[in-house]
Amino acid sequence: MFHAILCLLPALALTLPLLARRYPGERVLLALRAERRSQWPRPRSSALDARRTHVTVVRGGLLLGRALAVRPPPASLSVTS
Amino acid sequence: MRVPRRSPLPSLGGLVMAGLLFPATADAHGIVGKADLPIPVWLFSWAAAIVLVVSFVALSTLWRSPQLQEQHRSRVLRVPGALQWLAGALGVALFALVLYSGFAGAQVPPANFSVTFIYVIFWVGLPVLSVLAGDVFRALSPWRTCARALWWIGRRLAPGRLAQAPLRYPPWLGMWPAVAGLVGFAWLELVYVNREQPSLLAALSLGYFVVMVVGMLLFGVESWSEQADGFGVYFNLLSRLSALVRDEQGYLCVRRPLSGLPDLPIGRGTVVLICTAIGTTTFDGFSNGGIWRNNEPSLENLFADLGLHLVPAQELAYSLGLVLCILLILAVYRLGILGIHSVSARYDADTLTRAFAHTLVPIVFAYVLAHYFSLLLWQGQALGYLISDPLGNGSDIFGTSGAQIDYNVISYAAIWYVQVTALVAGHVGGLALAHDRALVLYRDPLEAVRSQYWMLAVMVAFTSFGLWLLSSVGT
């Protein structure tokens, strides 16, 4: 019986404070969660960054192709970021 | 006079002599008494609790958004449909061998293929295989294979008439038939005096087969398999721990470990089924420990004084123990849920019971592995000679009938460490699942963290209890 009590003591040690509505280390855990949140980099904007937009200038054969084409060129050739 | 209880497997003390003379079956449980451990057993319990507390802290601070609610499957390769039928044929062939050896073979349990196959390969080996490789029993199941074959034949003979099953599976029935099946098998394995009689096992197997096939023909293969087939439901439950799964299009997929559990359908009887799976293994260990061995005779005498004969009195005492162990597991889980409910009134206790039920499944496997690892490792070797002599009549089909079980393949201390590792890993898995679910249920971090204190207490309780059970076996 003593052996059983020794083995089951961790469970008792954890349960008794909970029954008394005490949550040991709760504030530390919440503080650690908040600290990790502030250490994270701010999320990048999902909108395109205008400064990094690269516009391809149409020249030469592409200029002719655009003039003669029935349909517009693929979108990837007009604006890239 | 007390009727000596025939243990399903001979005690370890007689193994050495018996093993030399006759291939014997092995003790199923922890053998800490024989292990040379560097620290007392109760310190292992404290160490395991510390591991769980550290895991709880890590989960609370690092695991900030749900990661397991989606499976994130990646297709690996396509599994041909024919392979499923091949697996089914293998399952039917093995089942036929179990029946044949059970009815026609020697009625000596260690020498008969059916006994070792059912209690070791089927009941212990398949759970391990399910966790490693996914729901393999779905393909191997002999009754499911036969029912599907009969449906296929029926649709060919009467096209258009068998578009759906004749009857609708009653929703109110839920998984209660599966619970009954599991409890029935556990009772046979742990309580019934004649549990090792090969012909009885064969007869019961055949009866179960008939009930399953008839049920699948009446209510539909999938409806019946998913709710009423105790073994199918049990192995499917454990297969959700696996990182491997076969999708509806027949592709073998890899998914995040444990991610198969959050979408486990929780219907009527599901929570009881999960707790029953833990409770039966719990009783298996408890009934081999000092407290039960010292007190069971008193219970047996009580029933004998009430008018029962010795054998029924013993079986009633063991039946009571089995039921109490299942109820104990249910009670511990329910207490933990009531604790979570005390944190916030956002959800009622029944909703929380269903919401966190899947977190117990890793514990189911942890208990199975911890209690039966040595049995699988030792008695599983018996298949080497039993496959050559399934009837126990001296045949030597594959030339391996002279094989012996090597009990030195693993040390006693190594078995203990495997048991501890299995228990701790299973409960850490349960804690991770619970934390992931709490993040879904509670937006307020305070509520989420507090709710997990209670799950931590439940997990530590199950871990400590499991270690105590293993350490008390044979005392």
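Anyway, here's the lowdown on the structure attached to this text. (Residues numbered from 1 in each chain as written. Chains lettered and ligands numbered in written order. Predicted model: local features only at pLDDT ≥ 70, side-chain atom pairs only at ≥ 80, totals over all residues. Heavy atoms only, no water.)

The extent of an interface is frequently quoted as the accessible surface area lost upon association of the parts. Listed as interface residues are 25 residues of chain A and, on the opposing side, 32 residues of chain B. Of the roughly 2600 Å² buried where chain A meets chain B, counting both sides, 73% is carbon and sulfur surface. On the chain A side of the contact with chain B, Tyr23(A), Leu29(A) and Arg33(A) bury the most area, a combined 26% of that side's loss. Inspection of the chain A/chain B interface yields one salt bridge. A salt bridge links Arg450(B) to Glu26(A), with the nearest nitrogen and oxygen atoms 2.3 Å apart. Residue assignment for the side of chain A that touches chain B shows that the elements contributing at least two residues are α1 (2-19) and α2 (26-39) of chain A. When the residues that make up the side of chain A that touches chain B are grouped by side-chain class, the tally is 17 nonpolar, three polar and five charged. (Contact = heavy atoms within 4.5 Å. Buried area = accessible area lost by both parts, 1.4 Å probe. Salt bridge = Lys/Arg side-chain N within 4 Å of Asp/Glu carboxyl O. Helix = DSSP H or I, 4+ residues; strand = E, 2+ residues; numbered from the N terminus. Nonpolar A, V, L, I, M, F, W, Y, C, P; charged D, E, K, R; others polar.)

Glancing now at the side chain of Thr280(B). Residues and elements named next belong to chain B. Counting through the fold element by element, threonine 280 comes out in helix α11 (residues 270-286). Since its relative accessible area comes to 7%, threonine 280 is described here as buried. Among the polar contacts listed, one links the side chain of threonine 280 to the backbone oxygen of alanine 277, at a separation of 3.1 Å. Threonine 280 has contacts with Ala186, Leu190, Leu322 and Ile326, leaving out every residue within four places of it along the chain. (Buried < 20%, exposed > 50% of the residue type's maximum accessible area, 1.4 Å probe, protein only. Polar contact = N/O pair within 3.5 Å; in protein donor to acceptor, adjacent residues only side chain to side chain.)

Our next topic: the packing of aromatic side chains. Residues and elements named next belong to chain B. Counted by the stated rule, this structure contains 34 aromatic pairs over all chains. Ring plane angle 80 degrees and centroid distance 6.0 Å describe the contact between phenylalanine 283 and tyrosine 318, whose orientation is recorded as edge-to-face. Of this pair, phenylalanine 283 sits in helix α11 while tyrosine 318 sits in helix α13 (residues 310-343); the two residues are 35 residues apart in sequence, bridging distant segments of the chain. The pair phenylalanine 283 / tyrosine 318 is uniform in exposure class, with both members buried. A cation over an aromatic ring shows up here: arginine 78 above the ring of tyrosine 251, its NZ or CZ 5.6 Å from the ring centre. (Phe/Tyr/Trp six-rings, centres within 6.5 Å; stacked < 30°, edge-to-face > 60°. Lys NZ or Arg CZ within 6 Å of the ring centre and 35° of its normal.)

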